[in-house]
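Fold and geometry: a report
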Amino acid sequence: MSSDRIKIVWIYPDLLSTYGDQGNTIVLERRAALRGIPTETVNLRSDEPVPSDGDIYLLGGGEDRPQILAAQRLLGDGGLARAVQSGAVVFAVCAGYQLLGHEFGGEEGQPVRGLGLLDISSGRGEQRAVGEIVGDVAGELNVPRITGFENHQGVTRLGPNARPFAKVLHGIGNGDGYEGAYAGRVLGTYMHGPALVRNPGLADLLLRWAVGRDLQPIDDSWAGRLREERLAAVQT
Ligand code: GLN
């Protein structure tokens, strides 16, 4: 990262923004601005080359066929893999999360090759997971209890080089009692929402990773009220 600005790359809004996940970019821009850190956001269409000089890459959810097309284009492009090798932050939701792995299930459940940037593999589950999800985040990430909304058919298995992002208290997540995965600065989750609106602590984790230092706290009472309401609405 250049010392005074964060470059955010929103990957393929034309294929991967079915569930409003683009709101995550707005949260990152706003929370950086409140700390006096300027941002530049690139909305990268799927026919454009992926720049490798981004600081934070965001991928959203999508339906099965756009997800397959996105994976093919990202594999062919190679820019995201180069950025990850240089230490970029990646935050990927649902279809975006699955396609970071070795493989995921296509529209007929067929295995589709992913980018291999996270040591996970996904396939098609028996039942669609739809509803609220709540989880306790891996302690080393220092992020409060997460709340979100999930809507996916896929189930995800983690390999030895990925750690579970959160332990599920309510909802389905990966299907193994955990939700999401991370390795280094690459983090995937099943939380739509947009996830960063509901979980400002998670937004700050991504910003901390990008700038390499702690950030001053922000008054999050508005988000706190939403979190309390959502937590009260589910059984954990
Ligand atoms: N097609 C994938 C699944 O159903 C991803 C869905 C999504 O992004 N919400 O698992």
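Per-chain numbering applies: the sequence of each chain, read as written, is numbered from 1 onward. Local features in this predicted model are restricted to residues whose pLDDT is 70 or higher, and side-chain atom pairs enter the listing and the counts only when it is 80 or higher, whereas totals over whole chains, interfaces and linings include all residues.

What follows is about the overall build of the protein. What the protein contains, in helices and strands, is seven helices and eleven strands. Computed over C-alpha atoms, the radius of gyration of the protein comes to 16 Å, within 12% of the 18 Å expected from 2.2 N^0.38 for 236 residues, which places it in the range of a compact globule. In terms of its C-alpha atoms, the protein occupies a principal-axis envelope of roughly 45 × 45 × 30 Å. Expressed as a percentage of the 236 residues in the protein, the buried residues total 47%. Partitioning the intrachain contacts of the protein with sequence separation of at least 6 by distance along the chain shows that 71% fall at a separation of at least 24. Helix numbering and strand numbering both begin at the N terminus, where a helix is a DSSP run of H or I of at least 4 residues and a strand a DSSP run of E of at least 2. With C-alpha atoms as the basis for the radius of gyration, the globule rule is written as 2.2 Å multiplied by the number of residues raised to the power 0.38. In this scheme every C-beta is placed from the backbone, and a residue whose C-beta has 20 or more other C-beta atoms within 10 Å is buried, one with 12 or fewer is exposed, and one in between is partly exposed. We call two residues in contact when the distance between their C-beta atoms, placed using the backbone, is within 7 Å.

This part is about the site of the ligand. What surrounds the ligand is the set Y19, G61, G62, E63, D64, Q67, C94, A95, N151, H152, Q153 and G154. Of all the elements in the fold, those that place two or more residues in the shell around the ligand are α2 (64-77) and β8 (146-158). Only the C-beta atom matters for nearness: placed from the backbone, it must lie within 6 Å of the molecule or strand for the residue to count as near.

Our next topic: the environment of E140. Within the secondary structure layout, E140 lies in the loop between β7 (120-137) and β8. Each C-alpha atom of the pair E140 and G116 lies 24 Å from the other, and the pair is 24 residues apart in sequence.

What follows covers α2. To estimate how far a helix should extend, the number of its residues minus one is multiplied by 1.5 Å. Counted at 1.5 Å a residue, the expected span for α2 with its 14 residues is 20 Å, and the 20 Å between its end C-alpha atoms agrees. The inward-facing, buried residues of α2 contact α3 (79-85), α4 (95-99) and β6 (111-113). A positive backbone phi angle near 80° is found at G78, which sits one or two residues after α2.

Ranked by size, the top nonpolar core spans 65 residues in total, and within it I11, L28, I56, Y57, V90 and L206 carry the most contacts. The element that contributes the greatest number of residues to this core is helix α6 (residues 200-211), accounting for seven residues. Once you skip the residues sitting within four places of it in the chain, I56 turns out to touch I6, I8, L28, V89, F91, L206 and A210. Note on definitions: a nonpolar core is a set of buried residues drawn from Ala, Val, Leu, Ile, Met, Phe, Trp, Tyr and Cys, linked by C-beta atoms within 7 Å.

Let us now look at the UniProt feature "binding site: substrate" (unreviewed entry) in the protein. UniProt positions are given in the numbering used here, feature names are shortened, and annotations may be inferred rather than shown by experiment. As annotated by UniProt and renumbered to match this structure, "binding site: substrate" (unreviewed entry) occupies R128. Structurally, the position occupied by R128 is in strand β7. On the basis of neighbour count, R128 is assigned to the partly exposed category, with 13 C-beta atoms found within 10 Å.

Turning our attention to unusual backbone geometry. Despite not being glycine, Y12 shows a phi value in the positive range, around 55°. Relative to the helices and strands, Y12 is located in the loop between β1 (6-11) and α1 (23-33). Positioned with a positive phi, N142 is a non-glycine residue whose angle comes to about 55°. By secondary structure assignment, the location of N142 is in the loop between β7 and β8.

In this structure, V84 sits in helix α3. When the 21 C-beta atoms within 10 Å are taken as the criterion, V84 is described as buried. A sequence separation of 100 residues divides V84 from G184, and the C-alpha atoms of the two residues are 9.3 Å apart. When near neighbours in sequence (up to four residues on either side) are disregarded, V84 contacts V90, L117 and V186.

For the rest of this paragraph, the subject is the pairing of strand β11 (residues 186-189). Here β11 shows two buried faces, one formed by V186 and G188 and the other by L187 and T189. Sheet topology note: the strand β4 (residues 89-93)/β11 ladder contains four bridges and is parallel. When the sheet's bridge partners are listed, V90 is paired in β11 with V186. When DSSP finds two or more bridges between a pair of strands, those strands are recorded as paired. Linkage of strand β10 (residues 178-183) to β11, two consecutive antiparallel strands, is achieved through a turn of two residues, within which G184 is found at a positive phi near 60°.

What follows deals with the packing of α1 against α6. Geometry of a packed helix pair, given as the angle between the helix axes and the separation of the axes. Each axis is a line fitted through C-alpha atoms, and for a helix only the stretch in contact is used; angles between axes span 0 to 180 degrees, taken between their N-to-C directions. Interhelical geometry of α1 versus α6 gives an angle of 70° and a closest axis separation of 10 Å. On the basis of their axis angle, the class for α1 and α6 is roughly perpendicular. Contacts between α1 and α6 pair V27, L28, R31 and A32 from the former with P200, A203, D204, L206 and L207 from the latter. Working rule for angles: under 35 degrees goes down as roughly parallel, over 145 as roughly antiparallel, 65 to 115 as roughly perpendicular, anything else as oblique.

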